[in-house]
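Secondary and tertiary structure notes
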Amino acid sequence: MFVYLSKKIAIPNNVKLNCIAWNKEEGYIAVAGSEGLLKVLKLDQAANGQSKGGLAAVSNLSMNQTLDGHKESVKVVTWNDAQQKLTSSDTDGVIMVWMLYKGSWYEEMTNDRKKSTVAGMSWTSDGAKICIVYEDGAIIVGSVDGNRIFGKELKNTHLTDVQWSPDNRLILFALVNGECHLYDNQGNFAMKLHIQCVSLNGSSSSRTMRIASISWFSGGSANTRSFNSRNRPVLAICYENGKVQIMRNENDDAPAIFDTGMRNVDAKWNHDGSVLAICGTTLDTVTPAPLRDTNQVCFYSPLGRLYRTLKVPGSDITSLSWEGKSLRIAMAVDSFIYFANIRPDYIWCYFEKTVVFLSGSSSSSSGKDPSSTNVITFWNTVSNQSFLKEVEPTLSLAASSEHCVLGVECVSNNIKEIALSMLERRQTNDDRVYQLLLCNSIGTTVDSKYTDIRPSFVGINSSYVAIASQEEILIWHYHTPKSSSTLHSVKARKEKRFHIDDTPTGVEMAKDLMLSTTTSSSGVGGGGASSSDAQFQQCGINDPICALALSEKLLLVARESGVINEYSIANVALRNRHTMHSKVYKMAINCNSTRAAIIDHMGVMTLLDLDDNRETQLNFSRVERKDVWAVSWAKDNPLLLALMEKTRMYIFRGNDPEEPISCSGYICNFEDLEITSVLLDDIISIGELQNSTHIIQLRVKSLRDTDDLLEHVGLEDAKQFIEDNPHPRLWRLLAESALKKLELDTAENAFVRCANYPGIKLIKRLRNINSQVLQKAEISAFYGEFEEAEKLYMDADRRDLAIDLRMTLCDWFRVVQLYRMGGSGVSDQQMETAWREIGHHFANLKSWESAKEYYEKSHYIEGFMDALYHLEQFDDLEKCVEKLPDKSPLLTKLADMLASVGMCSEAVQAYLKFGDQKAAVNTCVNLRQWGQAVELAQKYQMPQVNTLLSKHAQQLLNEGRLTEAIELQRKAGRYLDAARLLTKLAERELDKHAPLMRIKKIYILAALLAEEHLKSVATPELDYASGRNTLLDSISLEDAASIERMWHCAEAYHFMLLAQRQLRFGIMHSAVITALRLRDYEDVLPVEDIYSLLALASCADRSFGTCSKALMKLESLNMLPEKSQQDYEELAVNIFAKNEPIDNKVDTVACYACAANVPDCFPSCTECGARFPACISSGKPITQPTSNIWICTTCHHCASPMEITRHRTCPLCHSLIVSMTVEF
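How each quantity is defined
Residues numbered from 1 in each chain as written. Predicted model: local features only at pLDDT ≥ 70, side-chain atom pairs only at ≥ 80, totals over all residues. Heavy atoms only, no water. UniProt positions renumbered as here; feature names shortened; annotations may be inferred. Axes fitted to C-alpha atoms, helices over the stretch in contact; angles between N-to-C directions. Helix = DSSP H or I, 4+ residues; strand = E, 2+ residues; numbered from the N terminus. Parallel < 35°, antiparallel > 145°, perpendicular 65-115°, else oblique. Contact = heavy atoms within 4.5 Å. Nonpolar A, V, L, I, M, F, W, Y, C, P; charged D, E, K, R; others polar. Left-handed = near helix turned anticlockwise from the far one by under 90°. Buried < 20%, exposed > 50% of the residue type's maximum accessible area, 1.4 Å probe, protein only. Lys, Arg positive; Asp, Glu negative; His and termini not counted. Salt bridge = Lys/Arg side-chain N within 4 Å of Asp/Glu carboxyl O. Pairing = 2+ DSSP bridges. Disulfide = S-S within 2.5 Å. Arc of directions from axis to C-beta. Polar contact = N/O pair within 3.5 Å; in protein donor to acceptor, adjacent residues only side chain to side chain.

- An unreviewed UniProt entry lists the protein chain under the name WD repeat-containing protein 35, with Drosophila willistoni as the source organism.
- Of the protein chain, the UniProt comment under Function (unreviewed entry) reads exactly: "As a component of the IFT complex A (IFT-A), a complex required for retrograde ciliary transport and entry into cilia of G protein-coupled receptors (GPCRs), it is involved in ciliogenesis and ciliary protein trafficking. May promote CASP3 activation and TNF-stimulated apoptosis."
- In UniProt, the protein chain has this text filed under Subunit (unreviewed entry): "Component of the IFT complex A (IFT-A) complex. IFT-A complex is divided into a core subcomplex composed of IFT122:IFT140:WDR19 which is associated with TULP3 and a peripheral subcomplex composed of IFT43:WDR35:TTC21B. Interacts directy with IFT122, ITF43 and TTC21B. Interacts with IFT43. Interacts with CFAP61."

1. A look at the packing of helix H26 (residues 975-991) against helix H27 (residues 996-1017)
- Between H26 and H27, whose axes approach to 8 Å, the crossing angle comes to 170°. Relative to H27, the element H26 is oriented roughly antiparallel. Two secondary-structure elements touch here, H26 through Tyr975, Leu976, Ala978, Ala979, Leu982, Thr983, Leu985, Ala986, Glu987, Glu989 and Leu990 and H27 through Arg998, Ile999, Ile1002, Tyr1003, Leu1005, Ala1006, Leu1009, Ala1010, Glu1012 and His1013.
- Tallied by class, the residues present in the contact of H26 with H27 amount to 15 nonpolar, two polar and four charged.

2. Focus on the packing of helix H20 (residues 890-900) against helix H21 (residues 904-914)
- In contact at an axis separation of 8 Å, H20 and H21 are set at 165° when each is read in the N-to-C sense. The orientation of H20 relative to H21 falls into the category roughly antiparallel. Two packed elements cross with a definite hand, and for H20 against H21 that hand is left-handed. For the pair H20 and H21, contact is made by Leu891, Thr892, Ala895, Asp896, Leu898 and Ala899 and by Glu906, Ala907, Ala910, Tyr911, Lys913 and Phe914, respectively.
- Broken down by class, the residue content of the contact of H20 with H21 amounts to eight nonpolar, one polar and three charged.

3. Focus on unusual backbone geometry
- With a phi angle near 60°, aspartate 672 is a residue other than glycine that sits in the positive phi range.
- Mapping aspartate 672 onto the fold places it in the loop between strand S54 (666-671) and strand S55 (674-678).
- Notably, aspartate 797 is not glycine yet its phi reads approximately 60°, a positive angle.
- With respect to the element layout, aspartate 797 can be found in the loop between helix H13 (786-795) and helix H14 (799-808).
- A relative accessible area of 66% means that aspartate 797 is categorised as exposed.

4. Some details on the side chain of lysine 39
- Mapped onto the elements of the fold, lysine 39 is located in strand S4 (residues 38-43).
- Put simply, lysine 39 is tucked away with no salt bridge, and the nearest opposite charge, on aspartate 68, sits 8.6 Å away.

5. Quick word on the sheet that holds strand S32 (residues 385-391)
- Sheet architecture is open: four strands sit in the order S29-S30-S31-S32, paired in antiparallel fashion. Sheet topology places strand S29 (348-351) and S32 at the edges, where each strand pairs with a single neighbour. Across this sheet, the average inter-strand angle for adjacent strands is 15°, counted without regard to direction.
- As paired elements, strand S30 (residues 354-358) and strand S31 (residues 374-380) share five bridges and run antiparallel to each other. Across the sheet, the residue bridging to threonine 354 is asparagine 380, located in S31.

6. Concerning the state of the cysteines
- Evaluated as defined, the whole model comprises zero disulfides.
- Cysteine cysteine 1198 shares no disulfide, and the gap to the nearest cysteine sulfur, in cysteine 1175, comes to 7.3 Å.

7. A short note on helix H11 (residues 757-767)
- Considered for burial, the residues of H11 that qualify are Gly759, Leu762, Ile763 and Leu766. Taken around the axis of H11, the buried residues stretch over an arc of 100°, which confines them to a single face. For H11, the exposed residues set more than 90 degrees away from the buried face come down to Tyr757 and Lys764.
- On the buried face of H11, the contacting elements are helix H9 (728-740), helix H10 (744-753) and helix H12 (772-782).
- For H11, the N-terminal cap is asparagine 756; the gap from its side-chain oxygen to the backbone nitrogen of glycine 759 is 3.0 Å.

Below is the structure:
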């Protein structure tokens, strides 16, 4: 960070100031002093942070109100930021609370204890409570509305200050004797803080042990969470003798302790707790210094590291206060208010029109306990797009022309383990690991490297990254995709690592610089070859590294003693050592590595000559500037240097500065006589969303003067000025101005001087054009003024050239307009070309509806197809098959589109029209349309499809996907194979004891598929409808037997279900007849089930003769267990002990073959053996099957005409009964 004084405000009548407080929310400044002085000031809005004009320096006051009420000297003022109230107290003990009303401050309430003087006041972080302490030990805690919560008096205790804890649960009191006591928020004593920075021996009279200030950082909610996660010290206790103790919490036994070397007066934390500002006066009384040098403000990290010291004029500094975002600090000195601007060291860089920054990284290098992750923003300033990259805690950042490098610390356990395994280094006490990430402009990592060197300082050029810790340096040769593609023989990457005290010669790297241990796969080694770790640490403590700068040729490394080592990059050799007279803060090397700009810790900038050629050296020893906090060399001119001096930017050409420009932005880039700066304070500290207003473009004086000469004087004077101050940018300006005036010779000369080949070609083309209007049009087009160029073409009646211009620019909408303006003479082909290009435009925008419209106008079928496909208008897409001619290459693309959405038939049509039968078959196979695939294969003689089908079916069977295999065979037209697989499915269901109805349906489905097979083998000579039996005889015996077996199984389960249904509904005699029919299906159904059902039905029908036979059959079944057989015997004894085994109901019918009388329940004639077919509706035998019978046209089973009239579908196959026609 850098600090410099920016403004001074005098208090009237030389009234001495006692304290100052800056409101963090609204920016009001309260100052108090003797004679009851209390004023509220406010700086105007243009000075609140960095305005869009880029001025950081404060300007006029927008409020200057004196608050009347105090009679004596006001000692304490404090703001309630949450409630926007001001509290003040004077030496009489009068406390006043002020409120803002209609733009002015008014007294709200007053309290006068009249016993003692107020020593300190502190509001809680939420502004709800205030704690007031008096010198005599009295304590009052009140609410914001004026009510007292509690009061307490500490006997024999004198207080000097008070602070609330961040969580508002504890109150810390500072005693006169130097002790700090802690109470809870109810006034109960908690503990005494352990003070280690001074020795408190009970002496209360010693002035040197008096506490000057205590400051307990609370912060906002977001800041507090980040703060606590970092575990930084938050409680600062400053003693007047210069000793300071900073504790992490009230119980911290290992606080940070340091000595400021001055008499401390006041101390305040900044807004995020990363910087502690301590003001006081120097203790050096041996050599009296001028009054303006006795006061100073020191800025420390939470761990006690000194960042910066600011000398403040005056004799007595009494107080200080930070601005809300810590970009400024105010100090009360004598009767003056001094303001100082803070320039934080943000972690940021700039390359390829992209600003890369870490949010909230003020005082970036201060944190030694960073949070777990950081978010890096890559903001493209041209497109205003931002890309976020989450990384490990970031320590440093630098950029070259095309890439940036991030130095991060590996804190995640998994990343740390990977890094340690890649480093393969020996274990040391410090196991911290770091990573270098090389990123492009959108945050993508293109190369990376692990190292154990802390990247406190980092530099990068087009090939190398250099990092440095306090004592070691590492030079890493990185690789990018671009460099890897251009270098055909890339050597193994070797990092060059050495200690700052080493003197590498560049001759033998292995001995000079490389490590003695074997490098790992990532190319990283351990410690130095000639120095031990202890030596490193000892040297690092004595004279550590404080700055680093890298160019394409040189590496500069500065040490705190002022010594700057100069190394060559190519062979890593120590070229020179330069000595400065103070500690270096920043360094920058110019574009040809001949000079460097050095800024020391006091803000003094000097130039260092690095060129060995003494004849070309200029005398830079007299160039010295003060209060400089940033420098940047021009990328295209080694003599141009831009520097920031307070809020002014100076441009140096050699030794001579130009007129300063007011600006407070951070310099991003200096190229082509233009300086790009970014207002990082607005983006990072204030937290505004980045936009184009945060980028400022500034032009150097020579560029501004050239513009004025060209605009107001003439070409000759401007040309003479440019020759005196040559630069390609100025020659381009001269060429442009000369072209606008048609001074072709001057323009050509300027183009040659700036090596602009396109401009030279333009001059050549202009010399061949006779019309000045057309010449002006060409010039306007060359400089991008296309509207003007078109107007000139149209004025010259050259519409064709205007159309060519718009075609070159791909502005096809304007091309169509120009075509229409011309009326006739435009061919249909030209219009179709324009329509087609407009369709391409909408297609690129994914506006498919508009693209479809223009593709249709242009008769561009391919684009029209794409639009329909994306619009999912597949019906219209199908019609495109008819529009395309045979053998058109677009047919294959169209077929692929149709196939991708499952339109198999349409895709096949497109393939066949193209003549690719194989692709058509493959489409059917891929879409599982096997029937169509087999049909096409047979038509075009492709037997390989059947092989593929069989393999696929077998694979499904092996995987247990039986139903899918059945569906595959069915779709492929292999009905008999599908039927056989259904039979297997039925057998599986039977093993699972599935319902009989389900098993019957499966067998019926298998039989129906078998019938479909018969239909497929039918011929005109052998018709299925009239010659089914003949077809069965014509096929193989195995297939015929399979078909009959399927129907046989279906009949078995059908009659079993029918008999059970009849028995349930009490149709006993019909149940007996149907059960008797089941005896023909003992090969299908369980025998026990058949005869059990028969015995039950016949017993219920009192046909005990049939029942006796059924029970005898059951008793004789050897497959039954002995227990079951005994049960059947006992049942038979019980039944026939009461009933005679004779059938009581015996009806007879005449046999159709021999006319013998046969019982109506018999399935065949007992005399001639003729079989009676069963009625599938009632189960009864049809004794006259030749004269009166109904036959199903689907399953070919018969039924009695009287019975079938009760059904709408066939009782067996469930097919719809179309006709009740009875066959005779």
